[in-house]
Amino acid sequence: MNIFKDYNLPDNRGHFEKFGGKFVPETLIPSLEELEHHYAEAKSDPKFSDELNGLLKHYSGRKTALYFADRISNELGFNVWLKREDLNHTGAHKINNALGQILLANRMGKKRIIAETGAGQHGVATATVAARFGLECIVYMGEEDIRRQKLNVFRMNLLGAEVRPVSSGSKTLKDATNEAIRDWVTNVESTYYLIGSTVGPHPYPMLVRDFQSVIGKEAKQQFAQQSPKDLPDRLVACVGGGSNALGLFYPFLKDDVKIIGVEASGKGLDSGEHAATLTKGDFGVLHGAASTLLQNEDGQVMLPHSISAGLDYPGIGPEHSYLSESRRVNYRSATDQEALDAFQWLSEKEGILPALESAHALAYLRQNDHGIEPNEDVVVCLSGRGDKDVHTVAEALGVDL
Amino acid sequence: MNRIQKLFADPKEKLIPFFTAGYPKLESTVDLVCAAAEAGADMVEIGIPFSDPQADGPVIQASSQQALDNGITLNKIFDQVIEIRNLTDVPLALMGYYNPILKMGHESFLDRCVSSGVDGLILPDLPLDEAEPFCEMAKSKGVSPILLVAPNTSNERIKKISELAGDLIYAVSILGITGNDLASKDALAEYLIRVHEHSTTPFVVGFGITTRNDVVWFNTHSDGAVVGSAIIKNMDGETHPLKATKSLIQALKGAL
């Protein structure tokens, strides 16, 4: 572990050393510059933070609880604290970012909002805030994900959003992202692209991280109030694109705290069917940023696999690649089966259905080689609730609903 | 002087067709490029298929996917370029997304360009902000990086882009992706005059160009016209893609 004394990334070109940047068609450059400009202005405008904080509190119901999970702690022999992002409005951390970005879209005078979604959680969060602000909303979603997440598609429709099916490539999140980018290039003057994770061209990875860092800021304060210690010993979060993880990690990067990101190893790291980007991928450029990528020897992007649609992505946010390379964060993985087991375990032991994404973080706690000392205090980001996954879990368990 | 520099030293009308490498068949590209050159193409763009072509519309997306399914790779493309170079001297530019190039490595990729006879490179997702190291290396090896400008690119940026490119730039005709419809001629003319005034190099225009009239019009407002989706679409379902392509190029050249 390598704790930072100082941390000021990205630099003004949007780089986390060799990661990040803006690898986009020229047409998008003016829009990204406009967004950078408006974000910098908003950051120093107290009216912006007042409005955002008001919405986070009264609309989304923050702060979310930091819950000491007594029964699993007893079983495991160390203290597990769950940061309950599942208690947010719409059921996941995604709303934190959606609220921040919709306020930016408003400042920029954009009337049309587009988004990509995998599991549908970000699509729902975007449709929700678009409804709240009376803006047109179009969500791109792969046909395969539409099949897996019918309930979320209907939720988006109820919220007044149009869900556009994407039938190219693997018909999942990466292809939905390609299609959203094509829409954006075509309608760049009227449209705000509300990216759902710490991915994409600068400034998105930075601003999504900033909007999500409310998770870590609250957790830090709550932990100091609720436990005899000042700081937890360890943080754990699942990583797909990486927004819930960076939200929790970012406020602790300069503290003496071990940090663990958990990727999805699907059917196993050697099965060829996984989404363990940092474990198995290498340096590449996708969706506007230099980062780490699952790709073949010819530089073509490979199809990932995870039981959790939110982790089923062949790339990862550039800041995670940097945090991995600089050895500040240790990245591990959990399989579909481990996540399913953890899903049932938390449900039965604590009465909380976790999202399958979050279940990967929980699965780490039960691995033999986690290296957690007895009596350590471990904060886990429970990034979302599992209601959306009930059908997937039933299917995996062979239960006919 | 490479072939691109020579070509653009001549003010004649220029038609630049685009082919997706490995489409419609893995081995089609050599014949198609040679036929295009015979039919009067002044330069040819060869697209390197990528799994995630973000700047492309449905026609080129589908052709890229087909080519990948046919088994095309960057190595095979360079082999095909060597074959093409044995048969014709037409200037050649590769157009491709950055990741496959990054994966091969800047230096290896550019060395292969030089040894096979590629004259220029168009990388739609490598904008000015990230392009400098690659462009400088390309230029030092005699390969022309052809950077892109768009209708919303500022005058100051057009100048900087053309200075880094050095030999030629590519003006995207529209805010959008390949194969989209063109904007009004008035808006286009205003934009192209702006590019002409601020670019330090010649420039070609592409995206949405489909007819002989377009080719003539764009040649009066720029230094050449690129036709991509229309050529790929023309081969769709065609039993003799070579013949169909040849007659389309002759028509676009006004030779029919």
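Residues numbered from 1 in each chain as written. Chains lettered and ligands numbered in written order. Predicted model: local features only at pLDDT ≥ 70, side-chain atom pairs only at ≥ 80, totals over all residues. Heavy atoms only, no water.

Residue and element names in this part refer to chain A. As a packed pair, helix 9 (residues 204-212) and helix 10 (residues 214-226) sit with axes 5 Å apart at the nearest point and diverge in direction by 30 degrees. For the element pair helix 9 / helix 10, the angle class is roughly parallel. Together, Asp-210, Phe-211 and Gln-212 of helix 9 and Val-214, Ile-215 and Gly-216 of helix 10 make up the contact between the two elements. Grouping the amino acids of the contact of helix 9 with helix 10 by side-chain chemistry returns three nonpolar, two polar and one charged. (Axes fitted to C-alpha atoms, helices over the stretch in contact; angles between N-to-C directions. Helix = DSSP H or I, 4+ residues; strand = E, 2+ residues; numbered from the N terminus. Parallel < 35°, antiparallel > 145°, perpendicular 65-115°, else oblique. Contact = heavy atoms within 4.5 Å. Nonpolar A, V, L, I, M, F, W, Y, C, P; charged D, E, K, R; others polar.)

Sheets are built from strands paired through backbone hydrogen bonds, the pairs being either parallel or antiparallel. Residue and element names in this part refer to chain A. The six strands lie next to each other as 3-4-14-9-10-13, forming an open sheet whose pairing is mixed. The outermost strands of the open sheet, each flanked by one partner alone, are strand 3 (66-68) and strand 13 (330-335). The average undirected angle you get between the axes of adjacent strands in this sheet is 30 degrees. Across six bridges, strand 4 (residues 79-84) lies against strand 14 (residues 377-382) in parallel orientation. Residue pairing across strands places Arg-84 opposite Leu-382, the latter belonging to strand 14. In the packing of helix 10 onto the sheet, contacts are made with strand 3, strand 4 and strand 14, and the angle to strand 4 comes to roughly 135 degrees. (Pairing = 2+ DSSP bridges.)

Right, let's get into unusual backbone geometry. Peptide bonds are mostly trans, and most non-glycine residues show a negative phi. All names here are of chain A. The omega angle of the peptide bond from Leu-9 to Pro-10 is 5 degrees, so this bond is cis rather than trans. Position of Pro-10 among the secondary structure elements: in the segment before strand 1 (15-16). Cis geometry marks the peptide bond from His-202 to Pro-203; its omega dihedral reads 15 degrees. By the element assignment, Pro-203 lies in the loop between strand 8 (191-193) and helix 9. Despite not being glycine, Lys-171 has its phi angle at roughly 60 degrees, a positive value. Since its relative accessible area comes to 31%, Lys-171 is described here as partly exposed. Phi is positive for His-287, which is not a glycine, with a value near 50 degrees. Tracing the backbone shows His-287 in the loop between strand 11 (282-286) and strand 12 (289-293). Here His-287 falls in the buried class, since its relative accessible area comes to 3%. (Buried < 20%, exposed > 50% of the residue type's maximum accessible area, 1.4 Å probe, protein only.)

Attention now moves to the pairing of strand 5 (residues 112-117) of chain A. Residues and elements named next belong to chain A. Of all six residues in strand 5, six are buried, a share of seventy percent or more. On strand 5, burial covers both faces: Arg-112, Ile-114 and Glu-116 on one face and Ile-113, Ala-115 and Thr-117 on the other are all buried. Summarising the sheet, strand 5 and strand 6 (residues 136-142) pair through six bridges and their orientation is parallel. Paired with Glu-116 across the two strands is Tyr-140, which belongs to strand 6. Note that the unit made of strand 5, helix 5 (residues 121-132) and strand 6 has a crossover that is right-handed. Taken together, the three bridges between strand 5 and strand 8 define a ladder with parallel strand orientation. In the strand pairing of strand 8, Arg-112 is matched with Thr-191. (Right-handed = clockwise from strand over helix to strand, strands pointing away.)

This paragraph deals with the side chain of A:His38. With respect to the helices, strands and loops of the structure, A:His38 is situated in helix 1 (residues 29-43). Dropping the residues within four chain positions of it, A:His38 is found in contact with A:Leu104, A:Arg107 and A:Met108.

Once that is clear, we can look at the confidence of the model for chain B. Summarising the model, chain B shows a mean pLDDT of 96, and 100% of its residues fall at 70 or more. Interface confidence in the predicted complex, given as ipTM, is 0.96; pTM for the same model is 0.96. (pLDDT = per-residue confidence, 0-100.)

Residues and elements named next belong to chain A. Taken together, the four strands give an open sheet; going across it, the order is 7-6-5-8, and neighbouring strands pair in parallel fashion. Here the strands that pair on one side only, and so sit at the sheet edges, are strand 7 (162-166) and strand 8. Adjacent strand axes in the sheet meet at a mean angle of 25 degrees when their direction is disregarded.

With that out of the way, let us pick up the interface of chain B and chain A. Between chain B and chain A, the residue contacts involve 35 residues of the former and 37 residues of the latter. Overall, the association of chain B and chain A removes approximately 2900 Å² of surface from exposure, summing both partners, and the carbon and sulfur fraction of that is 48%. Inspection of the chain B/chain A interface yields five salt bridges. The partner of B:Arg157 in a salt bridge is A:Glu33, with the nearest N and O atoms 4.0 Å apart. The interface formed by chain B and chain A holds 20 residue pairs in polar contact (both at pLDDT 80 or more) in total. Mapped onto the side of chain B that touches chain A, the elements with two or more residues apiece are helix 3 (58-70), helix 5 (98-104), helix 7 (128-140), strand 6 (147-149) and helix 8 (155-165) of chain B. The element contributing the most residues to the side of chain B that touches chain A is helix 5 of chain B, with five residues. (Buried area = accessible area lost by both parts, 1.4 Å probe. Salt bridge = Lys/Arg side-chain N within 4 Å of Asp/Glu carboxyl O. Polar contact = N/O pair within 3.5 Å; in protein donor to acceptor, adjacent residues only side chain to side chain.)

Turning to the state of the cysteines, a few remarks are in order. Inspection of the entire model under this criterion finds zero disulfides over all chains. Cysteine A:Cys381 shares no disulfide, and the gap to the nearest cysteine sulfur, in A:Cys238, comes to 7.1 Å. Here A:Cys381 falls in the buried class, since its relative accessible area comes to 0%. Cysteine B:Cys135 remains unbridged, with the sulfur of B:Cys113 as its closest cysteine sulfur at 13 Å. (Disulfide = S-S within 2.5 Å.)

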